[in-house]
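The lines below spell out each chain.
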Amino acid sequence: MFGALLGLYAPLNKTWVALIMALGAGVLVSSVAFELMDEAFGQGGLDAVSIGLLLGALAFFLGDLAVNRAGGKHRKRSTGQQQDGQASAIVLGTLMDGIPESIAIGVGLLAGGKLSWVFLAAVFLSNIPESLSASVGLKRAGHRPARILLMWTAIALLSAAASGLGYAALRGADVNLTAGIQAFAAGAILTMLSSTMLPEAYAEGGAMIGLATTCGFLAAFALSHL
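Criteria and cut-off values
Residues numbered from 1 in each chain as written. Predicted model: local features only at pLDDT ≥ 70, side-chain atom pairs only at ≥ 80, totals over all residues. Heavy atoms only, no water. Helix = DSSP H or I, 4+ residues; strand = E, 2+ residues; numbered from the N terminus. Buried < 20%, exposed > 50% of the residue type's maximum accessible area, 1.4 Å probe, protein only. Contact = heavy atoms within 4.5 Å. Areas by Shrake-Rupley, 256 points an atom, 1.4 Å probe, with all protein chains shown as cover. Core = buried A, V, L, I, M, F, W, Y, C linked by side-chain atoms within 4.5 Å. Polar contact = N/O pair within 3.5 Å; in protein donor to acceptor, adjacent residues only side chain to side chain. Phe/Tyr/Trp six-rings, centres within 6.5 Å; stacked < 30°, edge-to-face > 60°. pLDDT = per-residue confidence, 0-100. Patch = residues over 30% accessible without salt bridge, like charges linked within 9 Å, V, L, I, M, F, W, Y side chains within 5 Å. Salt bridge = Lys/Arg side-chain N within 4 Å of Asp/Glu carboxyl O. Expected span 1.5 Å × (residues − 1). Arc of directions from axis to C-beta.

Some remarks on the overall build of the protein chain
- Of the regular secondary structure elements, the protein chain holds seven helices and zero strands.
- The order of α-helices and β-strands along the protein chain, N terminus first, is α-α-α-α-α-α-α.
- Sorting the 226 residues of the protein chain into buried and exposed places 46% on the buried side.
- A sequence separation of at least 24 residues applies to 82% of the contacts in the protein chain between residues at least 6 apart.
- For the protein chain, the exposed area adds up to about 10700 Å²; of that, 69% sits on carbon and sulfur atoms.

Details of the nonpolar core
- Residues Leu28, Leu36, Phe119, Ile189 and Leu193 are the most contacted members of the largest nonpolar core, which totals 35 residues.
- When residues of this core are traced back to their parent elements, those giving at least two are α2 (14–72), α3 (87–112), α4 (117–140), α6 (175–205) and α7 (208–224).
- Per-element accounting of this core gives the leading share, 15 residues, to α2.
- Residues within four places of Leu36 in sequence aside, it is in contact with Ser31, Ala104, Phe119, Gln182, Ala186 and Ile189.
- Within the second largest apolar cluster, 10 residues are counted, among which are Ala4, Leu8, Met151 and Trp152.

Digging into the side chain of Gln182
- Within the fold, Gln182 resides in helix α6.
- A distance of 2.9 Å separates a polar atom in the side chain of Gln182 from a polar atom in the side chain of Glu39.

Describing the packing of aromatic side chains
- Scanning the model with the defined rule gives three aromatic pairs in all.
- Here a set of aromatic residues connected by ring pairs shows up, and it is made of Phe34, Phe217 and Phe221.

Observations concerning the confidence of the model for the protein chain
- Scored by pLDDT, the protein chain has a mean of 79; 85% of the residues are at 70 or more.
- Averaged pLDDT values over the elements of the protein chain bottom out at 68 in α3 and peak at 88 in α7.

Overview of a nonpolar patch on the surface
- A cluster of nonpolar side chains, contributed by Phe34, Phe217, Leu218 and Phe221, occupies part of the molecular surface with about 340 Å² of accessible area.
- Here the nonpolar patch gets three residues from one element, more than from any other, and that element is α7.
- By secondary structure assignment, the location of Phe221 is in helix α7.
- Look at Phe221 and you get partly exposed, because its relative accessible area is 31%.

Digging into α7
- Counted at 1.5 Å a residue, the expected span for α7 with its 17 residues is 24 Å, and the 25 Å between its end C-alpha atoms agrees.
- Regarding α7, the residues found buried are Ile209, Ala212, Thr213, Gly216 and Ala220. Viewed along the axis of α7, the buried residues span an arc of 100 degrees, placing them on a single side of the element. Turned more than 90 degrees away from the buried face of α7 sit Leu211, Thr214 and Leu218, all of them exposed.

Listed below in C-alpha cells is the structure:
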C-alpha cells in the first residue's frame, strides 16, 4: 500500500525505483539463503530442502507462464504497458509474486517461534518498488487510482491471510514437511526474483543494478550476523 501511494501521488524517477528494486532483491536473496534455506536444512536435511526448492521454482515458473499468457506479463512495468493486458491477470500475477513470501513468513513462525526482522525488511523493501512501479504503469494505462488502491488492499489482505492460514494448517506438522514448504517458498522467491524482478530493474536502471543488488545482499548478510 505504501508503494502504491508513492507511485500514484509522489512518483519517483524510474532509475530510483529500479535501484530500490535491485536493493530489495539483493536483501531478499541473502535472506532466502541464510534465513530460509539454512533453517530448513537444519530441520529437514538436504533431501527435504532440495525437493521443496525445486518444486517451488517449478510451481512459480508454470504459474508465471500462465499469467503472462493471460495478459499479466507487464504487471511490474511503470511505463503503461498494462493497457495491453488483462486487469484480472495483472492482479493474479501480483498476488502470485507475494504468496511465496507470505508462506515463508507463516512457516518461519512455526519453525522458530519468531520472525527474522531482516527477512521482514527484505520483503518490505522488495514490495515497495514493485507496487510503486506497477501503480504508475496502471495509472498510465488508464486505471483509476481508487481501483488501483483497492487492488493493492486486496492483495495485502490475501497475502496476510495466506500467512495465517499456513501457520494454522501446519501447526504440529512433521518437521520434514515444514522444512520442505519453507524451501518451496525459497525456490518460488528465487525464481520470481530472477525471472521478473531483476529483469524489470535492469530494464529501467541499467548496469548499476548489479551493484545495487550486491549492496543489498551484503547489507542483509551483515545484519543477520550481528
